[in-house]
Amino acid sequence: MNDQMIPKVILHEHVEGSITPVMAHQLAQKNNIPFPSTLCYKSGQYNAKEYKNGRYLYDESKFEEFINTYDTVSSFLKDPEDYYSITYDFLNRNAKQGLIYCELFLSPYHICTTEVNGKLIWDKERFNKTLFYMDKAIIKVQNDYDITVRYHVIGVRHLGAKVVYDTLCFIQQNHHPFITGFNIAGNEMAGHFDDFKDAHKLATQLNLKKSYHAGEIDSDESIIQALKHGAIRIGHGIRAIENKALICELVEKKITLEIALTSNRILVNELHGDIYQHPIRQLYDQGVRITLNTDDAGIFGTDIEKEYSIAQSIFAFSRLELLDITLCGIQAAFVEDMVKSRLTEQVLLCFSSDDRQLLKKFINDKKYHPAIIERFLEYQKLLLAIPVN
Ligand SMILES: [Zn+2]
């Protein structure tokens, strides 16, 4: 990482969603699976500068169509080894862009179930092998870059409460030390968080920290429900902007939102495809802890550098604010305290003397929200023990 590069964190990336059209073609070819001619835009039919990796073709206004695309792309993964390829491809590309910590979401349903006579069969061996290959890919990336990775288990919401609960029961039997989080994802309009009581309870018993998708497609009320059931981070959560009391609660409880600008622009109908309508700046300015995420990097044609750069160029986040966003991500990470301290130090080492001066100025100006000033004071204290870069 060069001196000027901002270290970056991703708390929210679905591993199957990281598959780019190029990778999807490779996998389909390798596994002799027909590639639907309508799955991707033809080159020349999309802005290749914006979507460097290519572009999938679906009606973005219909969330179900996105889910179908996700499932089609996932279906090209046939062997556990295929997860090595996609994990390596995504992490290597993003580590090159300064990614130092990543939480990958993995869905046992997608990885290892088959349906026989209407009954889901969970293949333990396939699951363990898949994680073995994902671990192997992480180790390979770690040969070249300093990156730490943890996993979330995904309960697929639109498959119903029983499947979500069974997913966790399966994890109870097949634990992996890197699985530190539990996540409810999929179509937010399917069911209510109350329907998943058994899963919320079992996740707590298994000591898995909770981050739930809410307030992306559904309203601010879904965020309130996710918090009620123990979520300490919210996937997206941008509809919080509609509810002042909720914003205060998020600030007070130090809840972190996993915002994904490109994904939100594409999937959140309220934004009408216009990134300028995104409330990220207002949420930050009101003291909410936010992070920048890729969500489904391959499907949305993004990477972490692009997300940080949109925040900078469109929402005028300064270098210091982006460093703050990275540090918020580390503080909210589902990782051991020792690792958090190491990562925090790594980011603080990137503070230049100019960054330190600005920090001091902003603390004195008190123009920022008190919650931000509180964070800045904490960084200033920690920086006393860090040599000036
Ligand atoms: Zn997501």
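These remarks concern the structure in this document. (Residues numbered from 1 in each chain as written. Predicted model: local features only at pLDDT ≥ 70, side-chain atom pairs only at ≥ 80, totals over all residues. Heavy atoms only, no water.)

With that settled, the discussion passes to the overall build of the chain. Each helix and strand in the chain was counted, giving 17 helices and ten strands. The C-alpha radius of gyration of the chain comes to 20 Å, within 12% of the 21 Å expected for a compact globule of 389 residues. If one aligns the C-alpha atoms of the chain with their principal axes, the spans along those axes are about 65 × 45 × 40 Å. Across the 389 residues of the chain, 58% fall into the buried class. Of the roughly 16600 Å² of accessible surface on the chain, 52% is carried by carbon and sulfur atoms. Distance from the positive charge centre (43 side chains) to the negative charge centre (51 side chains) of the chain: 3 Å. (Helix = DSSP H or I, 4+ residues; strand = E, 2+ residues; numbered from the N terminus. Rg over C-alpha atoms; globule rule 2.2 N^0.38 Å. Buried < 20%, exposed > 50% of the residue type's maximum accessible area, 1.4 Å probe, protein only. Areas by Shrake-Rupley, 256 points an atom, 1.4 Å probe, with all protein chains shown as cover. Lys, Arg positive; Asp, Glu negative; His and termini not counted. Charge placed at Lys NZ, Arg CZ, Asp CG, Glu CD.)

Before going further, it helps to spend a moment on helix H5 (residues 124-144). Counted at 1.5 Å a residue, the expected span for H5 with its 21 residues is 30 Å, and the 31 Å between its end C-alpha atoms agrees. By the burial criterion, the buried members of H5 are Phe127, Thr130, Leu131, Tyr133, Met134, Asp135, Ala137, Ile138 and Val141. Lining the buried residues of H5 we find helix H3 (80-95), strand E2 (99-106), helix H4 (108-112), strand E5 (148-156), helix H6 (161-173) and strand E6 (179-185). With a side-chain oxygen lying 3.2 Å from the backbone nitrogen of Glu125, the N-terminal cap of H5 falls on Asp123. (Expected span 1.5 Å × (residues − 1). Contact = heavy atoms within 4.5 Å. Polar contact = N/O pair within 3.5 Å; in protein donor to acceptor, adjacent residues only side chain to side chain.)

Our next topic: the coordination of the zinc ion. Six octahedral donors at a metal ideally form angles of 90 or 180 degrees, and four tetrahedral donors ideally form angles of 109.5 degrees. Here the zinc ion is held by the protein donor atoms His12 (NE2), His14 (NE2), His213 (NE2) and Asp295 (OD), which lie 2.1 to 2.4 Å from it. Here the zinc ion is ringed by four donor atoms whose angles at the metal span 82 to 167°, and the overall shape comes out irregular. All donors of the zinc ion come from a single chain, and their spacing in sequence reads H-x1-H-x198-H-x81-D. A residue pair is termed long-range when its members are at least 10 positions apart, and His14 in strand E1 (residues 8-14) and Asp295 in the loop between strand E10 (289-292) and helix H12 (297-300) qualify at 281 residues. Taking the relative accessible area as the measure of exposure, Asp295 reaches 3% and is therefore buried. (Donors = N, O, S within 2.8 Å, 3.2 Å for Na, K, Ca; no water. Tetrahedral: all angles 85-135°; square planar, octahedral: opposite > 155°, others 65-115°.)

Glancing now at the pattern of salt bridges. Applying the stated criterion across every chain yields a total of 21 salt bridges. Residue Lys62 is joined to Asp59 by a salt bridge in which the shortest nitrogen-to-oxygen separation is 2.9 Å. Given the relative accessible area of 41%, Lys62 is considered partly exposed. With relative accessibility at 29%, the residue Asp59 sits in the partly exposed group. Note that Arg239 and Glu270 form a salt bridge whose closest N and O atoms lie 3.5 Å from each other. (Salt bridge = Lys/Arg side-chain N within 4 Å of Asp/Glu carboxyl O.)

The element E2 is extensively covered by neighbouring structure, given that eight of its eight residues are classed as buried. Inspection of the sheet shows E1 paired to E2 by five bridges, in the parallel sense. Paired with Ile10 across the strands is Cys102, a residue of E2. Across six bridges, E2 lies against E5 in parallel orientation. Bridge pairing in E5 places Phe105 opposite His152. (Pairing = 2+ DSSP bridges.)

Across the sheet, which stays open at both edges, the eight strands sit in the order E1-E2-E5-E6-E7-E8-E9-E10 with parallel pairing between neighbours. Single-partner strands in this sheet number two, and they are E1 and E10. With direction set aside, neighbouring strand axes in the sheet form an average angle of 25°. Pairing of strand E9 (residues 256-259) with E10 involves four bridges; the strand directions are parallel. Paired with Glu258 across the strands is Thr291, a residue of E10. (Axes fitted to C-alpha atoms, helices over the stretch in contact; angles between N-to-C directions.)

What follows is about the nonpolar core. Formed by 122 residues in total, the largest nonpolar core has its most connected members in Leu91, Phe182, Ile290 and Phe376. Of the residues forming this core, the biggest block, seven residues, is contributed by helix H14 (residues 319-331). When near neighbours in sequence (up to four residues on either side) are disregarded, Ile290 contacts Thr256, Leu257, Ile259, Ile280, Leu283, Tyr284, Phe317, Ile325 and Cys328. (Core = buried A, V, L, I, M, F, W, Y, C linked by side-chain atoms within 4.5 Å.)

Here we take up the layout of surface pockets. Over the atoms, a rolling probe the size of a water molecule traces out where space has been left empty. Reported here for the largest pocket is a volume of approximately 370 Å³. In terms of lining residues, the largest pocket is bounded by 22 residues, among which Leu327, Gln331, Ala332, Lys340 and Thr344 are the most central. Put simply, the parts of the chain that give the lining of the largest pocket at least two residues each are H14, helix H15 (337-348) and helix H17 (370-383). Of the residues contributing to the lining of the largest pocket, the split by class is eleven nonpolar, four polar and seven charged. (1 Å grid on protein atoms, 1.4 Å probe; cavity = no way out; pocket = protein on both sides within 12 Å on 5 of 7 lines; lining within 4 Å. Points joined across faces, edges and corners; volume = space filled by probe spheres on them. Nonpolar A, V, L, I, M, F, W, Y, C, P; charged D, E, K, R; others polar.)

The next thing to look at is the packing of aromatic side chains. Under the criterion given, the structure shown has 18 aromatic pairs. With a centroid separation of 5.4 Å and 15° between ring planes, the pair formed by Phe66 and Phe300 is classed as stacked. With Phe66 in helix H2 (residues 63-74) and Phe300 in helix H12, the pair connects residues that are 234 residues apart, well separated along the chain. A relative accessible area of 6% means that Phe66 is categorised as buried. The buried category is assigned to Phe300, whose relative accessible area is 0%. Judged by centre distance (5.5 Å) and plane angle (10°), the ring pair of Phe193 and Tyr212 falls under stacked. (Phe/Tyr/Trp six-rings, centres within 6.5 Å; stacked < 30°, edge-to-face > 60°.)

With that out of the way, let us pick up empty space enclosed by the protein. Under the defined criterion, the tally for this structure stands at one cavity of 30 Å³ or more. A volume near 230 Å³ is recorded for the largest cavity. Around the largest cavity sit 20 residues that line it, and His14, Ile67, Tyr70, Ala185 and Gly186 are the ones nearest its centre. Every element with two or more residues in the lining of the largest cavity is listed here: H2 and E5. Sort the elements by how many residues they give to the lining of the largest cavity and H2 lands first, with five residues.

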